[in-house]
Each structure stands twice: as C-alpha cells, then as structure tokens.
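Summary of structural features
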Amino acid sequence: MAENPRAVVLLSGGLDSTTTLAIAQQQRFAVYALTFRYGQRHDAEITAARRIAERYGVRQHLIAEIDLRQFGGSALTADIAVPKGRDTDEMARGIPVTYVPARNTIFLSFALAWAEVLGADDIFLGVNALDYSGYPDCRPEYIAAYQAMANLATKAGVEGRQRLTIHTPLIAMSKAEIIRRGLDLGVDYAPTVTCYDPSPDGAPCGQCDACQLRRKGFAENGMADPATAPAMQQ
Ligand code: ZN
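These numbers were taken from a predicted model, which means no experiment stands behind them.

Broken down by element type, the protein carries eight helices and five strands. Reading the protein from its N end, one meets helices and strands in the order β-α-β-α-β-α-α-β-α-α-β-α-α. Taken over the C-alpha trace, the protein has a radius of gyration of 17 Å; the compact-globule value for 234 residues is 17 Å, and the two agree within 12%. Its C-alpha atoms give the protein principal-axis dimensions of about 55 × 40 × 30 Å. Considering the protein as a whole, with its 234 residues, one finds that 50% of them fall into the buried category. Here the protein has roughly 11000 Å² of accessible surface; of this, 53% comes from carbon and sulfur atoms.

What the five strands build is an open sheet, ordered E3-E2-E1-E4-E5; its pairing is parallel. In the strand order of this sheet, the two ends are held by strand E3 (60-65) and strand E5 (165-167), each with one partner. Recorded for the sheet is a direction-independent mean angle of 25° between the axes of neighbouring strands.

Another point: the coordination of the zinc ion. All of the protein donors around the zinc ion are Cys195 (SG), Cys205 (SG), Cys208 (SG) and Cys211 (SG); their distances to the metal are 2.2 to 2.4 Å. One way to put it: the four donor atoms around the zinc ion meet at angles of 103 to 117°, and that makes the site tetrahedral. Binding-site remark: the zinc ion is held by donors from one chain whose sequence spacing is C-x9-C-x2-C-x2-C. For the pair shown, Cys208 and Cys211 are each scored as buried.

By size, the foremost hydrophobic cluster in this structure holds 39 residues, and its most contacted members are Val8, Leu10, Leu34, Phe36, Tyr38, Leu108 and Ile123. Looking at this core, the elements that each hand over two or more residues are strand E1 (6-10), strand E2 (30-37), helix H4 (103-118), helix H5 (140-153) and helix H8 (209-220). A total of seven residues in this core trace back to one element, the largest contributor, which is H4. Once you skip the residues sitting within four places of it in the chain, Leu108 turns out to touch Leu10, Ile123, Leu125, Tyr142, Tyr146 and Ile166.

This part is about the pattern of salt bridges. Tallied over the full model, the rule gives 12 salt bridges. Asp209 is paired through a salt bridge with Arg86; the nearest N and O atoms lie 2.7 Å apart. Here Arg86 lies in the loop between E3 and helix H3 (88-92) and Asp209 lies in helix H8, a separation of 123 residues in the sequence. For Asp209, a relative accessible area of 6% translates into the label buried. Within the structure, one salt-bridge network assembled from shared partners comprises Arg37, Asp43 and Glu65.

Another aspect to go through is the side chain of Asn151. Secondary-structure assignment places Asn151 in helix H5. Of the polar contacts made by the side chain of Asn151, one reaches the backbone nitrogen of Leu164; its length is 2.8 Å. If we skip the residues at most four places from it in the chain, Asn151 touches Gly157, Gln162, Arg163 and Leu164.

This brings us to helix H2 (residues 44-55). When the terminal C-alpha atoms of H2 are compared, their 17 Å separation across 12 residues agrees well with the 16 Å that a helix rising 1.5 Å per residue should span. Listed as buried for H2 are Ala44, Glu45, Ile46, Ala48, Ala49, Ile52 and Ala53. Elements in contact with the buried residues of H2: helix H1 (15-26), E2 and E3. Positive backbone phi, approximately 55°, marks Gly57, located one or two places after H2.

Turning to the packing of aromatic side chains, a few remarks are in order. Using the criterion set out here, one finds eight aromatic pairs in the structure. Both rings, one in Tyr32 and one in Trp114, keep their centres 5.8 Å apart while their planes meet at 90°; by these two values the pair is edge-to-face. Taken together, the residues Tyr32 in strand E2 and Trp114 in helix H4 connect sequence positions 82 residues apart. Assessed through its relative accessible area of 11%, Trp114 is described here as buried. Among the aromatic side chains, those forming a connected cluster through ring pairs are Phe36, Tyr38, Phe107 and Phe110.

Criteria and cut-off values
Position numbers for residues start from 1 in each chain and track the written sequence from start to end. Since the coordinates come from a predicted model, pLDDT governs what is reported: local features require at least 70, and pairs of side-chain atoms require 80 or more to be given and counted, while whole-chain, interface and lining totals use all residues. Side-chain measures were taken over the full set of non-hydrogen atoms in the model, leaving aside hydrogen atoms and water. Helix and strand definitions here come from DSSP, where helices need a minimum of 4 consecutive H or I residues and strands a minimum of 2 consecutive E residues; each element is numbered from the N-terminal end. Restricting the calculation to C-alpha atoms gives the radius of gyration, and the globule rule supplies 2.2 Å times the number of residues raised to the power 0.38. Burial here depends on accessible area, computed with a 1.4 Å probe over protein chains only, as a share of the maximum for the residue type. Under 20% is buried, over 50% is exposed, and the range in between is partly exposed. Every accessible area reported is derived by Shrake-Rupley at a probe size of 1.4 Å, with residue values counting cover from the shown protein chains alone. In this scheme, strands are said to pair when DSSP sees at least two bridges between them. Only the stretch in contact is used when a helix axis is fitted, and all axes are lines through C-alpha atoms; the angle between N-to-C directions ranges over 0 to 180 degrees. Metal donors were taken as nitrogen, oxygen and sulfur atoms no farther than 2.8 Å from the ion, or 3.2 Å where the ion is Na, K or Ca. Water is excluded, so coordination may look unfinished. In short, tetrahedral needs four donors with all angles between 85 and 135 degrees, square planar needs four and octahedral six donors with opposite donors over 155 degrees apart and all other angles between 65 and 115, and whatever is left is irregular. As used here, the term nonpolar core means buried Ala, Val, Leu, Ile, Met, Phe, Trp, Tyr and Cys residues forming a set that is joined through side-chain atoms within 4.5 Å. We call two residues contacting when some pair of their heavy atoms lies within 4.5 Å. A carboxyl oxygen of Asp or Glu within 4 Å of a side-chain nitrogen of Lys or Arg is what we treat as a salt bridge. Residues adjacent in sequence count toward polar contacts only when both atoms are side-chain atoms; beyond that, a polar contact is any pair of N or O atoms within 3.5 Å, and within protein one must be able to donate a hydrogen and the other to accept it. Every helix has an expected span of 1.5 Å times one less than the residues it contains. The aromatic pairing rule takes the rings of Phe, Tyr and Trp, using the six-membered ring of Trp, and pairs them if the centres are within 6.5 Å, calling planes under 30 degrees apart stacked, those over 60 edge-to-face and the rest tilted.

Below, the structure is given as structure tokens:
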C-alpha cells in the first residue's frame, strides 16, 4: 500500500488550527504538526497543541523555540495591553496590536524547511481572512506570493523533487462556518485555546477579539463553547 503523502500542519492549539488539522487528516495526509513557543504570554496554547496532536495521533509533533519577545512590537509578545470589549466595527478597522510582526512568514519558513526534509509537498495553515481582515499575512494574495517564493527557495524545488502547495482551507470561512465544518469532522473543541490573554491556568478572558469571535461563532451554531461551558459561561 502506498504511504499517505506527508503534510506539515501548523498547530497553535487554537480552534482554527485544530480544524485545519482535522481537514488535513480527512484528506488522508500523514500529519507532521508544528507548534511554536515564540514568546507568547502563556504556555496554555502549547499545552493545548500537545493534547490535540496526541489525540489525533499525528506522525510527529515538533515544538520549535523561537523567541519573538526579542523584537516585541505586539500585544502578544511585549508588555502591551490586549484590547478588550471591542465591537465588530472596531475589530474591522485597521491592524490590531495583537498582530505579531511577520509571524506567518516566520512560521511558514520553519514549515517549509521541515517540509523539505520530510519530502512533503504540502503545508496546512489555518489562516482566516474574513474575521481578521486586519492581518496582512492572512490574505489570499499573501499566501499565493509565499507559495511562489517557496517554490524558488529550496534545493528540493530546484531539483524538481518538491512542488509546494500551501493549503488554507479556512481562509474564506466565517468563524461559524469553521466551527460547523469542524463539528462535521468530529472535532472536540474543548481542549482548544483561542484567547489572546488567558489566565495562567489557561482560562479565556472572554473579552478579547479572539474570545468574542469564538463565542459568536459557537452562538451562531446554536451552542455554547465547549471550552468554557458550563463553569465559565457568562
Ligand atoms: Zn480572550
């Protein structure tokens, strides 16, 4: 029996990347999950990523250490307050301070390097252009440009052994659609961590953009968030 093709899946431990992992497995890829400890405020999402990778029985789960706190410049990697209680109009306006400079370019570069070593032609990234229209590195034109660059970048590409595709299955979905797709695939969202500013034990703040979009997404599916219900339900 031919081995399933390998894919590198970027796994943050959040709702989007977990759904993306489930989609990659449904498409019969052998999943190599890649998580970054990049200097985020807390370890909760790395713990979540570990749990999810284990649950899905991925071939390998790497946690790469890259300290983006050395640069700062983001509410996620410096002592800058995470915005709370913003309405959807405010969220849609401009690039928020939770943007981490060049994060997806850095993450994809690590994924590209690992994919070349693995002989993988496929990278999965759970970016979403609809709910986070402010992030420049979540746009389809960015992904297309990165893919074109990646195919010029590697020895395996030049030697014709690798033709890289970056899969972004969630890019045009709303949060509610992502959750519906995940539920159809049997995703358990209870262990996922989405919050930009959770407490040390991983409990979501409930008020940051990510918490609000997530809550709205579950509400539009007529359900409570399994990560917070019932104890944390407000
Ligand atoms: Zn939050």
